[in-house]
Amino acid sequence: MAALGACGEWLVSTCEKKLIAIHTKESREPFVFDCSTAEQKPKDPEADNKSDGSEETGSDKILAFAVSSSAKLVALTDDTKRLVLFRCEPSWQVISTRWVVRRCTSLVFTEAEDEVWAADKSGDVYSFSVVEPQKTGELKLGHLSMLLSMTLTPNDKYVVTADRDEKIRVSHLRSPHNIQAFCLGHLEFVSSLLAPPGHPQWLLSGSGDGTMKLWEYESGRRLQSWDLKQLRDMPNSDTEKEKRSAVSRIAGSPGGHHVAVQCERVSSVQLFGMEQGTEERLVPSSRVTLPHCPLDLTFDPQGRLWVLLDSRETPFLMYTHKQNSWQCDSESPELKRVIEALQPHWETLQVSAGLESQFQHLYKGNFDNMASYREKKQQRLQQQNEPGGKKRGPGKGQQSNGARKKSKKGNQSGPVTKASS
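From a predicted model like this one, the values you see are computed outputs, not experimental measurements.

When you look at the nonpolar core in this model, what are you seeing that I'm missing?
For soluble globular proteins, the rule of thumb is that nonpolar side chains tend to be buried together. One finds Leu-19, Phe-33, Val-74, Leu-76, Phe-86 and Trp-92 to be the most contacted residues of the largest nonpolar core, which totals 19 residues. Of all the elements in the fold, those that place two or more residues in this core are strand E1 (3–7), strand E2 (10–15), strand E3 (18–23), strand E4 (31–34), strand E5 (62–67), strand E6 (73–78) and strand E7 (82–87). In contact with Phe-86, not counting residues within four places along its chain, are Phe-31, Phe-33, Lys-72, Leu-73, Val-74, Leu-76, Trp-92, Gln-93, Val-94 and Ile-95. In this structure, Leu-295, Phe-316, Ile-339 and Leu-342 belong to the second largest nonpolar core, which totals 17 residues.

Here it is in C-alpha cells:
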C-alpha cells in the first residue's frame, strides 16, 4: 500500500518496504529507509524452546506511518511488527526500533509529542513513549473487532478509534476505559478518520458504504452526511465496482478551510470547503478529475494538495487553490524536484501500488439461507413424486398415519365382558 504525507518541507512516501523522504525546497539527497535491511528482532531462547520450529515471518512491507504536529518526528510500522521512530531535523536519523504485539493498521503522535499510539488488527491500542525510546508499549484500550483508523482530538483530550463493525468510539486519552461517546450511523466498516484543523469540536469519518459523515464527537451527534457516489454524478450505477468504493483517505488543509476526500479506484478527488452562516457548515466545492487513479493524497504546510498517482510518467500532481478553484501547477519547481527524486524508486512504488481493493475483504457477505432451503425442499418433493420415488416414512419412535388411526379406533371400542356359564 503506497502512502503519502507532508513532514514540514519534506514530502514522505512509503513504497512497499521503503520510506522515501524528498525535500521540496532544496536539492538535497532523498532519505531512504529500507525495512528489509533494518534491525532484526532478537531471538528469545525461551520462545525457541517452546516453539515447534515454524516461526512466523513478515514481509517487511510498511503498513502505516505518522508525522508529528511539529514535523520533527516520524514513525512507521511494518509487516514484521517493527515500530521505527525517526528524527527529521536537522537531519534524518533512526532513534529506536521496537516491536509491536500484532500488525498495526494506524499510528498517531500525541500533540505533546511524548507518545506515539498504535492500533492493531486484533482491536488493541498501545502507547509507546517518545521520551523513553526503548520502552515497550503499554496496552491502553481494546475493541472486539479489527481497528482500521485512529486519531486524537486537539489538546490530547480524546482518542477516537474506528473498527470493522461500523463503530466509532470516543475515549478519554488519559483514562481510555472511560468512554465519552459513540458515533454510530455507518453501514459498513469505518476506514478513515480526521479531526479537521481549526474545528476542535468536529470529526470526519469515511466508510466502506461510500459516505462521509461529520460529527460533533463529544455528544456523538451527526451533523452532516454525504453520499460520495452521488457527488460523482453516478447515482444509478449498478456495477459492483461503483457500489463498493470505500473512502480511503480524508485530508484537511492546515487552516481547516478545505477537505479532500479520496475513494478507492476512483480517478477523481472530491473537495469540500467551509461555508459561513448562522452555523459553519462543510459543503462540496469542486471535484478534481485525475488522469489516473490516486494512491494517496496530502496537504503541505502551504495548503497545496499533493496527489500520488498510479503512473510512471506523472507519479505526482500538485494543486493550488486560486480564484475559488483548484488548479494544477504542473510547472512548479517543487513538483519537478519531487518527481525526479522519486523516479529511481518507481519500480518499488509500482509493486506497492496495485489497484486491487485494500478493503474488499472487509465487506460483510450476505447469505440467503432461505433460498437454499426452498431449493432443497423442491428437490425432495420432486423425488417423492417421481414413479418409484422413495416416500419419506415415519421416523424412529413415530407411528404412521394409518397406525395412529387403527390405534385410535381400538381405544374407542367398549370393554370386553365374559359370557355367563
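Picking up after the structure, the text goes on.
Explain the pattern of salt bridges here, please?
Opposite charge on two side chains permits pairing when their charged atoms draw close. On inspection of all chains with the given rule, the structure shows 16 salt bridges. Taking the shortest distance from any N to any O, the salt bridge between Glu-216 and Arg-221 comes out at 3.6 Å. Three or more residues joined by partner-sharing salt bridges are found here, namely Lys-25, Asp-300, Arg-304 and Glu-334.

What should I look at first to understand the pairing of strand E28 (residues 325–328) in this one?
Along any regular strand, the residues point their side chains to alternate faces of the sheet. Pairing of strand E27 (residues 316–322) with E28 involves four bridges; the strand directions are antiparallel. Within E28, the position partnered with Thr-320 by the bridge is Gln-327.

Quick question: what am I supposed to make of the side chain of His-172 here?
Within the secondary structure, His-172 is located in strand E15 (residues 168–172). In this structure His-172 comes out as buried when scored by relative accessible area, which is 19%.

Looking at this model, I keep getting lost on the environment of Leu-147. Mind explaining?
Considering the arrangement of structural elements, one finds Leu-147 in strand E13 (residues 147–152). Judged by its relative accessible area of 0%, Leu-147 falls in the buried class. The spacing of Leu-147 and Asp-163 is 16 residues in sequence and 4.2 Å in space, taken between C-alpha atoms. For Leu-147, the residues in contact, after removing those within four places along its chain, are Thr-105, Ala-119, Asp-120, Gly-123, Asp-124, Val-125, Thr-161, Ala-162 and Asp-163.

Cut-off values and rules
- Residues numbered from 1 in each chain as written.
- Predicted model: local features only at pLDDT ≥ 70, side-chain atom pairs only at ≥ 80, totals over all residues.
- Heavy atoms only, no water.
- Core = buried A, V, L, I, M, F, W, Y, C linked by side-chain atoms within 4.5 Å.
- Buried < 20%, exposed > 50% of the residue type's maximum accessible area, 1.4 Å probe, protein only.
- Helix = DSSP H or I, 4+ residues; strand = E, 2+ residues; numbered from the N terminus.
- Contact = heavy atoms within 4.5 Å.
- Salt bridge = Lys/Arg side-chain N within 4 Å of Asp/Glu carboxyl O.
- Pairing = 2+ DSSP bridges.

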